[in-house]
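Tertiary structure, described
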Amino acid sequence: MPYLGSEDVVKELKKALCNPHIQADRLRYRNVIQRVIRHMTQGLDMSGVFMEMVKASATVDIVQKKLVYLYMCTYAPLKPDLALLAINTLCKDCSDPNPMVRGLALRSMCSLRMPGVQEYIQQPILNGLRDKASYVRRVAVLGCAKMHNLHGDAEVDGALVNELYSLLRDQDPIVVVNCLRSLEEILKQEGGVVINKPIAHHLLNRMSKLDQWGQAEVLNFLLRYQPRSEEELFDILNLLDSFLKSSSPGVVMGATKLFLILAKKFPHVQTDVLVRVKGPLLAACSSESRELCFVALCHVRQILHSLPGHFSSHYKKFFCSYSEPHYIKLQKVEVLCELVNDENVQQVLEELRGYCTDVSADFSQAAIFAIGGIARTYTDQCVQILTELLGLRQEHITTVVVQTFRDLVWLCPQCTEAVCQALPGCEENIQDSEGKQALIWLLGVHGERIPNAPYVLEDFVDNVKSETFPAVKMELLTALLRLFLSRPAECQDMLGRLLHYCIEEEKDMAVRDRGLFYYRLLLVGIDEVRRILCSPKSDPSLGLLEDPAERPVNSWASDFNTLVPVYGKARWATISKYQGAKRHGPELSNTTSFATSGSLIPEENKERIQELPDSGSLMLIPNLQLTAEYFEKTWLSLKVAHQHVLPWQGTVHPDTLQMALQVVNIQTIAMSRAGAQPWKAYLSAQDDTGCLFLTELLVEPENSEIQISVKQTEARMETLNSFISVLETVIGTIGDIKS
Amino acid sequence: MIGGLFIYNHKGEVLISRVYRDDIGRNAVDAFRVNVIHARQQVRSPVTNIARTSFFHVKRSNIWLAAVTKQNVNAAMVFEFLYKMCDVMAAYFGKISEENIKNNFVLIYELLDEILDFGYPQNSETGALKTFITQQGIKSQHQTKEEQSQITSQVTGQIGWRREGIKYRRNELFLDVLESVNLLMSPQAPGQVLSAHVSGRVVMKSYLSGMPECKFGMNDKIVIEKQGKGTADETSKSGKQSIAIDDCTFHQCVRLSKFDSERSISFIPPDGEFELMRYRTTKDIILPFRVIPLVREVGRTKLEVKVVIKSNFKPSLLAQKIEVRIPTPLNTSGVQVICMKGKAKYKASENAIVWKIKRMAGMKESQISAEIELLPTNDKKKWARPPISMNFEVPFAPSGLKVRYLKVFEPKLNYSDHDVIKWVRYIGRSGIYETRC
């Protein structure tokens, strides 16, 4: 047991190391040293035998030397004065006739992390850079970087840097790559190694001679090279073409990234490259090396963000197999969710439905959420599958389905009816907090369409004493109050009971305060309650319309083949943000640049939220029923209140437009077929005060714009303006998606 | 760049720990143990971030290998490096197990010293490494002049993967075509293939003198069609046997430019064992076995399962190590099995009936029937019916790949292609071979 008597162990080993009999017997001596290293590995403090180990370094046995050097590198910072004793031996070894010994000594000497060692290592490193054995040169080149690191913020030695730049022309490929790495670290403050035209071309010519690590590294360095002309750019791409098919996935990804970055002004080249790496990526996705497969899947998802149809025909490749590890299955489900299209939606949903009953609850829940994601575009089919899943009456499935329903109703109001019909009965199978909250929310908001909603809530109210989750109680309060507004007779009594319980008996302060708040609100009067609880919500549906908009390749090209797709952008932002804050710029120029690009994201989102039309002053009522005759009559009787034109290109897709308008509660009365010229549409909407908005959209084929004419039954400027801004946003969004 | 490399056993004890960069401290070793190895739930991701440090891990049997870094690195590259590390270790001492790692820990430290320097991958070719790693270190004092010069030529040579001056009395080479065939089959009566692919490797072991130039030929559809243009007769004959390769990748030694232009595979091989190529096919796969399941639920407490397997290859060939795994529900109380061939057993701990057959010839059929008795439960959860999986080994390549020739030219030494003794072997193994039921 090494952890118990560590002092005894040190004492014993010390004795053994000093024993002249053991020292005389090479094998026994080495065994003792091995024991020291073994204890060191286990985390025991072995610095007590430093002196004896230094003595052991003066040996001809190379293995023993290696072990002792490993030991010294670990403990040198703790015993700097003793470590200086070893320098002599190391310096002697640096001029050994055997290149391996020279290399070993130099490498170890550079790895001694202690103050004052620089003056001793400078000369051996310089000698090493001119050594005739490339093995020593490799070590010496990296030694320069180590030396610089020891110095900390010391000045950059110009002569050394020049020497390293000239070593870029070395015969040995590993020396070349090490030079790049070393220069990068030394020149970090100046922005890293400079890749100019001669260096770039030199590296390109040496590429095929490098091993896979070298190739990946060089590809990474070439990212910062800017070709002067288009011709040069395409020459480079041609030269690197074969690396897109390299046997090493790392090189393939590196090459892909380089192509994407270099060709950032040529979208067709980028698309072409992504088509060409489809094969290698798919191969990696179905390879036996699970970890690589995972990484490849992460990158496939990244590509799908920009080219949704890219892998659609290969959807079967992303079907999960029973014995795959969890993390691969979850990634595959995400991929399936993103590559779905009109042709494969049936098969994909069929497959996902199978996963929903998987033994692993985690996986089945992920599959259900995936179906929920697909439901945003293929609502009817998905809602049907989800409804069927409720029939299984299993707790872990029901709870996730209900949560999915909640999100879905919020994003796609058109499915509210179907969801409301599916809900009754599922309260028996929900036990966890999340599921209960979702169910209660649905019952509260859409309670007027669910006949037994008050009775379900009543059960919750009756059992509120034994309810363990405060969040559920909060949700219950809000939901019951909402339902009370639409169905007062059935709810009044239990609302009273619930409020009484929350105020008098509840121990959780947040719940109690919420109870008190609602109680006082009710005292103000029912109209005030209605105004506060049922006033217009921020409308996420426009965000939804923007969501599937393709993100340009250039927005993520710089993140390709880094950890960003693996962790996800948001998570990486938090990871790197902290790093950037903790360590100041110079040390991690690489990561800090990522940090800034990462932290921009939330801000971008904020802006987007602000951009959403403020529909506060205008609330259009859903499900307005207006007959065509009535519309025509009203249209003819009114004058045009507002007319203007918006830019518009190409033909109109009536379905998309109709759907988009529906989510903001603007109904379509009539519409021309797609491609008709001129194209016309008549729309109607009504706000909560009863004012009707009638609209005509007109697209003339010759001038690329859309003309909007709005008529209003009651002339009020402010509502008219907000109506027009809502309409414009929708049309603008649709236009964006198309282009 | 990699900040440190740790190896743990299944209990989370550190077997090897090597730190390359200052930013990785000793506490990183413990962080991984606590957060990943000792974590209750299953592994969420092979990349774990703990306190802004990324841990990349792979598992070999019950050994954990973890690479640690604080930088934004290329994930694929790090994993490739870990695989390479495993390959190199395996080449030195065989299987990666706790015992082997403990016994060879000096050697592993030596390897880690050579493969990575300051966290950057250096030389990682097993053949080339062998000159640097001296397991019998005592020899090194008396290291001959010749060996020393070998190191120098090795490390300066233009061809990183082969040293000069290799001599063998007997020039010999071995070619192994190793394939793993993957299948996902739907349950419907005719049995529809949902997805099937073969991932294969051509592994070569070469014991050749000098700097031999090799040329490898196989029944690649594109090559055969190109050649067959002259004689139409031949095309129709050989066209049937050629295969379409979806994608393939080669060892560094293969001249890719030549492959791109003429689709010929020529190279100077490394000494010893290496992987010449890796490929994947998805068309015209010979599925060695068909599994036909029949599951009938008799009431609530009984289940009747009948599974037929049919071997689908030449009767003269023998498949080996056949194992069919039929999952059973969790509430199984007893199982009665009858099988025509081999041995079948219900393994309660694995929730499966495992049916093993030692050998089976082609074009044969065998069947197993089982009665599974279930405990009545009030659990309304329906049994998910996991797929029936199968393992086997067959002496042919399920993709249909055939080695047509492997020619060796060494102009400087006087041995010719005919003097080289060549061995070719095909092994097809099951990858994930599942039939849903």
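Residues numbered from 1 in each chain as written. Chains lettered and ligands numbered in written order. Predicted model: local features only at pLDDT ≥ 70, side-chain atom pairs only at ≥ 80, totals over all residues. Heavy atoms only, no water.

A few points about the overall build of chain A
Threshold: Numbering of helices and strands runs from the N terminus; a helix is a DSSP stretch of H or I covering at least four residues, while a strand is a stretch of E covering at least two. Relative accessibility under 20% of the residue-type maximum defines a buried residue, over 50% an exposed one, and the middle range a partly exposed one, all with a 1.4 Å probe and only protein chains included. In what follows, residue pairs with any heavy atoms lying within 4.5 Å of each other are defined as contacts. Computed with the Shrake-Rupley method and a 1.4 Å probe, the accessible areas treat only the protein chains shown as cover for residues.
Secondary structure assignment for chain A yields 38 helices and five strands. Each of the 739 residues in chain A was classed as buried or not, and the buried ones make up 54%. Counting contacts in chain A only where the partners sit at least 6 residues apart, residues at least 24 apart contribute 65% of the total. Of the roughly 32,800 Å² of accessible surface on chain A, a fraction of 51% belongs to carbon and sulfur atoms.

Details of the overall build of chain B
Helix and strand content of chain B: nine helices and 23 strands. For chain B, the proportion of its 437 residues judged to be buried stands at 54%. By sequence separation, contacts in chain B at least 24 residues apart represent 70% of the contacts at least 6 residues apart. Carbon and sulfur atoms make up 50% of the accessible area of chain B, which totals about 20,400 Å².

Observations concerning the side chain of glutamate 393 of chain B
Residues and elements named next belong to chain B. To be explicit about the condition: Two N or O atoms count as a polar contact when they lie within 3.5 Å, although within protein this holds only if one can serve as hydrogen donor and the other as acceptor, and sequence-adjacent residues are included solely when both atoms are side-chain atoms.
In this structure, glutamate 393 sits in strand 21 (residues 388–394). A polar side-chain atom of glutamate 393 sits 3.3 Å from a polar atom in the side chain of lysine 321. A distance of 3.4 Å separates a polar atom in the side chain of glutamate 393 from a polar atom in the side chain of arginine 429. Discounting chain neighbours no more than four positions away, the residues touching glutamate 393 are Leu318, Ala319, Gln320, Lys321, Ile427, Gly428 and Arg429.

A short note on unusual backbone geometry
For asparagine 561 of chain A, which is not glycine, the phi dihedral falls at a positive 60°. Assignment of secondary structure puts asparagine 561 of chain A in the loop between helix 32 (554–557) and helix 33 (564–567). Look at asparagine 351 of chain B: it is not a glycine, yet its phi comes out positive at around 55°. Residue position: asparagine 351 of chain B is located in the loop between strand 18 (343–347) and strand 19 (352–361). Here asparagine 351 of chain B falls in the partly exposed class, since its relative accessible area comes to 22%.

Let's talk about the sheet that holds strand 22 (residues 403–409) of chain B
Residue and element names in this part refer to chain B. Spelled out, the test is: By this definition, two strands are paired if DSSP reports at least two bridges between them. Throughout, an axis means a line fitted to C-alpha atoms (over the contacting stretch in the case of helices), and angles, computed between N-to-C directions, take values from 0 to 180 degrees.
Ordered by their spatial adjacency, three strands build an open sheet running 12-10-22, and the pairing between neighbours is antiparallel. Since the sheet does not close on itself, it has two edges, and those belong to strand 12 (265–267) and strand 22, each with one partner. Across the sheet, the axes of successive neighbouring strands diverge by a mean angle of 15°, strand direction being ignored. Taken together, the six bridges between strand 10 (residues 213–218) and strand 22 define a ladder with antiparallel strand orientation. Of the residues in strand 22, the one forming a bridge with cysteine 214 is valine 408.

Points about the interface of chain A and chain B
Rules: Buried area adds together the accessible area that both of two parts lose upon being put together, with accessible area traced by a 1.4 Å probe. Whenever a carboxyl oxygen of Asp or Glu lies within 4 Å of a side-chain nitrogen of Lys or Arg, that contact is scored as a salt bridge. All amino acids are sorted into three groups, where Ala, Val, Leu, Ile, Met, Phe, Trp, Tyr, Cys and Pro are nonpolar, Asp, Glu, Lys and Arg are charged, and the leftover types, Gly among them, are polar.
Between chain A and chain B, the contact holds 101 residues from the first and 91 residues from the second. Together, Thr41, Trp213 and Glu291 of chain A form the three largest contributors to the area buried by chain A at its contact with chain B, with a combined 9%. The salt bridge partner of arginine 436 of chain B is glutamate 351 of chain A, with a shortest N-O separation of 2.7 Å. Inspection of the chain A/chain B interface yields 26 residue pairs in polar contact (both at pLDDT 80 or more). When the residues that make up the side of chain A that touches chain B are grouped by side-chain class, the tally is 44 nonpolar, 30 polar and 27 charged.

Overview of helix 1 (residues 27–37) of chain B
Turning to helix 1 of chain B, its buried residues are Ala28, Val29, Ala31, Phe32, Arg33, Val36 and Ile37 of chain B. Buried residues belonging to helix 1 of chain B abut strand 1 (4–8), strand 2 (14–19), strand 3 (47–50), strand 4 (53–60) and strand 5 (63–69) of chain B.

A short note on the sheet that holds strand 17 (residues 332–339) of chain B
All names here are of chain B. Here four strands make up an open sheet; going across it, the order is 14-15-20-17 and the pairing antiparallel. Edge positions in the sheet fall to strand 14 (289–298) and strand 17, since each of these pairs with one other strand and no more. Ignoring strand direction, the axes of neighbouring strands in this sheet form an average angle of 15°. Pairing analysis gives seven bridges linking strand 17 to strand 20 (residues 365–374), with the strands arranged antiparallel. Bridge pairing in strand 20 places glycine 334 opposite glutamate 373.

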